[in-house]
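Here is how the chains run, residue by residue.
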Amino acid sequence: MSISSSRYIVRNTHSNFTISPLSFLLRHAPSRIQHPAKAFFSTGGTAGFQTVGCVGLGLMGHGICQVAAASGVHSKVIAYEKEQKFLDAGHDRIVRSLDKLVERQKMTMQFANDTLGKIEFTTDIDALKDADFIVEAIIENMDLKEDLYTKLGSLCKPETIFASNTSSLSIAEMAAFSGRPDKFVGVHFFNPVQLMKLVEVIKTTETDPVVFDKAYKWVEDIGKVPVTCGDTPGFIVNRLLVPSLMQAMAMIDRQDASVNDVDVAMKLGAGHPMGPLHLADYIGLDTCLYIIQGWVDKYPDEPSFFIPACLQAKVEAGDLGRKTGKGFYKWDGDKRGDPVE
């Protein structure tokens, strides 16, 4: 019997629900994948956060919400979306994820029901005012983040700590919007959140060390592995990964090697689960361009930040990789074909 067929009801102020990469390189490395069952258990919480808020229930946010609720270290997890349709979609994503775990016998029905029962789904931002720790996972748009953090800064109790799941934007800039830069950190999760162990915990020059330590411990409490990083573009993983993708594309521009040979060389010579051009196609060439364009604009003197001509041309032509069926390779859904001539 799946969760979707149970009768458990989650109540909130707005509705009743009946339970019905850039991390792709890491995601496809078997040695880095966490066993699903282990992702939902903690040895006991010590960060001291009784109520956690999750703002945004998209691809990353719903996973963060689910993992926080399943950890067993919080009395309540508040899931907030501004619009009901996005709240409903986030709820359904969590239910489907829990359903799969129950079906695969990685989680009991009772545990899944208890996990969902920890979550309060709402479109009322005032529900976040007494949260101890709030994780934001809305889209990567600084104007939207400014509006959100300005509101949260004036709404929430003075002790509330804010954390952004951004993968590429400045933590310090968002911290300034909140009006409490000493109580602001980054917590960058990887996709899929339910399985990936790594979380980059980012501090700025103004982050209170006690606040940072609490955020770092919280990551451990929910069953993840934290690493510390300063507020540098892309943090650790993307700062290393994205420029490496650009270098691979630059080799194509210079005709140093073929698409196939670049990818085969990195798979067999460096032990990567997939080559950089395969990976770029999988991520989406538009996403790659968006990230590197932002870095080029903000850090024009950084030589490792540049836009390869082939990337620009493919995006302008609408050849975005896997999502459009054509990029550096031909694609049939998620199945990669031959390199594009």
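Computed from a prediction, not measured in an experiment: that's the story for all the values here. (Residues numbered from 1 in each chain as written. Predicted model: local features only at pLDDT ≥ 70, side-chain atom pairs only at ≥ 80, totals over all residues. Heavy atoms only, no water.)

(A) Representation of the nonpolar core. Phe133, Val187, Phe189 and Trp218 are the most contacted members of the largest nonpolar core, which totals 42 residues. Counting residues per element, this core draws most heavily on helix H3 (residues 84-103), at six residues. In this structure Trp218 touches Ala47, Phe49, Val52, Ile64, Ala68, His74, Phe133, Val135 and Phe189, once residues within four positions along its chain are discounted. In terms of nonpolar packing, the next biggest core, distinct from the first, is built from 29 residues, Leu245, Leu285, Cys310 and Leu320 among them. (Core = buried A, V, L, I, M, F, W, Y, C linked by side-chain atoms within 4.5 Å. Buried < 20%, exposed > 50% of the residue type's maximum accessible area, 1.4 Å probe, protein only. Helix = DSSP H or I, 4+ residues; strand = E, 2+ residues; numbered from the N terminus. Contact = heavy atoms within 4.5 Å.)

(B) Structural detail: the pattern of salt bridges. On inspection of all chains with the given rule, the structure shows 13 salt bridges. The salt bridge partner of Lys85 is Glu83, with a shortest N-O separation of 4.0 Å. According to the relative accessible area criterion, Lys85 is exposed, its value standing at 55%. Judged by relative accessible area, which is 38%, Glu83 ranks as partly exposed. Of the charged contacts in the structure, one is a salt bridge between Lys151 and Asp147, with a shortest N-O distance of 3.4 Å. Of this pair, Lys151 and Asp147 both sit in helix H5 (residues 142-155), four residues apart, which is roughly one turn of that helix. When its relative accessible area of 39% is taken as the criterion, Asp147 is described as partly exposed. (Salt bridge = Lys/Arg side-chain N within 4 Å of Asp/Glu carboxyl O.)

(C) Examining a positive patch on the surface more closely. On the surface, Arg93, Arg96, Lys100 and Arg104 cluster together into a positively charged patch. Position of Arg104 among the secondary structure elements: in the loop between H3 and helix H4 (109-117). According to the relative accessible area criterion, Arg104 is exposed, its value standing at 57%. (Patch = residues over 30% accessible without salt bridge, like charges linked within 9 Å, V, L, I, M, F, W, Y side chains within 5 Å. Areas by Shrake-Rupley, 256 points an atom, 1.4 Å probe, with all protein chains shown as cover. Lys, Arg positive; Asp, Glu negative; His and termini not counted. Charge placed at Lys NZ, Arg CZ, Asp CG, Glu CD.)

(D) Geometry of helix H9 (residues 259-270). Taking 1.5 Å per residue as the helical rise, H9 with its 12 residues ought to reach 16 Å, and the 16 Å between its terminal C-alpha atoms agrees with that figure. Every buried residue belonging to H9 is among Val259, Val262 and Asp263, and all of these are buried. Looking straight down H9, one finds its buried side chains confined to an arc of 95 degrees; they lie on one side. Exposed residues lying more than 90 degrees from the buried face of H9 are Leu268 and Gly269. Looking one or two places after H9, you find Gly271, whose phi comes out positive at around 75 degrees. (Expected span 1.5 Å × (residues − 1). Arc of directions from axis to C-beta.)

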